[in-house]
Each structure stands twice: as C-alpha cells, then as structure tokens.
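# Per-entry structural report
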Amino acid sequence: ATGAPFKALSWGVFKNWADHMETCAPWVMPHEDNDLRGLLAYARGKGYKVRISGAGHSAGGIVTDGKDDSVVVVSLAEYTAPGEWEFGIRDMPDGSKRATANAGWTQFDLYERIRPLGFFVPAQTAGYFFSLGGIVANSVHGGSY
C-alpha cells in the first residue's frame, strides 16, 4: 500500500504449526530483494530483531518467545531469488549434480523442477510443505544432505 514502510505480503502475526504459541510479531513475506532491503532498513531503524521463519514448524522460542514486541518475522515463501539463486543445476567434478534453489521453496516446489529431469533428493521429509531454508538451517527432515 502507498505509504507503507516496506513492501511485503503481511501474513498476520507469527504462530507456530501447533497453535500453542501466538505472538504479536508481524509475519511478513517480501517478494524480491528491494522489498527485503526495505524491510531490513525499517527493522534497523525501529530497533527490531529480524527472525526468519519457514513453514512455522519451528519449536516455540526459536523464532520468537511470544512476548518480545520488538521482533518482526520474515518468511521467504513469496520471495523470488535473482538468477540462478531461484533455481539451477550444475555438474560436479565427480559426475554428480547439485541444485541451487530458493530457500523459501518447499520440497514440493523443488520436486516440480527436478522430478521431470529424473532426480530425487536423498532423504524425504514428513511432509512436502517444509521450506528448504528451514530444513537446511535446522538440519532436520534430510537437511544434512
């Protein structure tokens, strides 16, 4: 909206998957780098802590404690990364392949790109909806690969 301090999709306030933690922390989803820059500048100017959220499956306290009113929670679920950071596959010296994918993507998003090429990830999560960034950052659901 015009006059907004930064451009991002507002997702309300952060709450985790089990709904046992509601917070006052705004949960926002920037669309591209300029939106993310604006959000970070706004947060810095207000003295807010910026916390990253994936699909909201994190245990209470990892994203926010539910009491701190100086936290803004960012999800990359709506983000489009520039160039090959959105998606790319490269050949490795040993003949294998490596994929680069947007951290906000879910495993479903990744599979949409790699399955038609005959690829599969070496570990499967308990659900297709977890974000790749969350899987890797928390080393869960196959994130150690």
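Preceding this paragraph is the structure being described.
This report concerns the structure included in the present document. (Residues numbered from 1 in each chain as written. Predicted model: local features only at pLDDT ≥ 70, side-chain atom pairs only at ≥ 80, totals over all residues. Heavy atoms only, no water.)

Bringing helix H2 (residues 107-114) into the picture now. Residues of H2 that are buried include every one of Gln107, Leu110, Tyr111 and Ile114, and no others. All buried residues of H2 fall inside an arc of 100° around its axis, so they share one side. Those residues of H2 that are buried lie in contact with strand E5 (87-91), strand E6 (97-101) and helix H3 (132-137). (Buried < 20%, exposed > 50% of the residue type's maximum accessible area, 1.4 Å probe, protein only. Helix = DSSP H or I, 4+ residues; strand = E, 2+ residues; numbered from the N terminus. Arc of directions from axis to C-beta. Contact = heavy atoms within 4.5 Å.)

Under the criterion given, the structure shown has three aromatic pairs. Ring centres of Phe87 and Trp105 lie 5.8 Å apart, and the angle between their planes is 25°; this geometry places the pair in the stacked category. Taken together, the positions of Phe87 in strand E5 and Trp105 in the loop between E6 and H2 put the pair 18 residues apart, joining distant regions of the chain. (Phe/Tyr/Trp six-rings, centres within 6.5 Å; stacked < 30°, edge-to-face > 60°.)

Across all of its chains, the model carries one salt bridge by this definition. Among the salt bridges present, the one from Asp91 reaches Lys97, with a minimum N-O distance of 2.3 Å. A relative accessible area of 55% places Asp91 in the exposed class. (Salt bridge = Lys/Arg side-chain N within 4 Å of Asp/Glu carboxyl O.)

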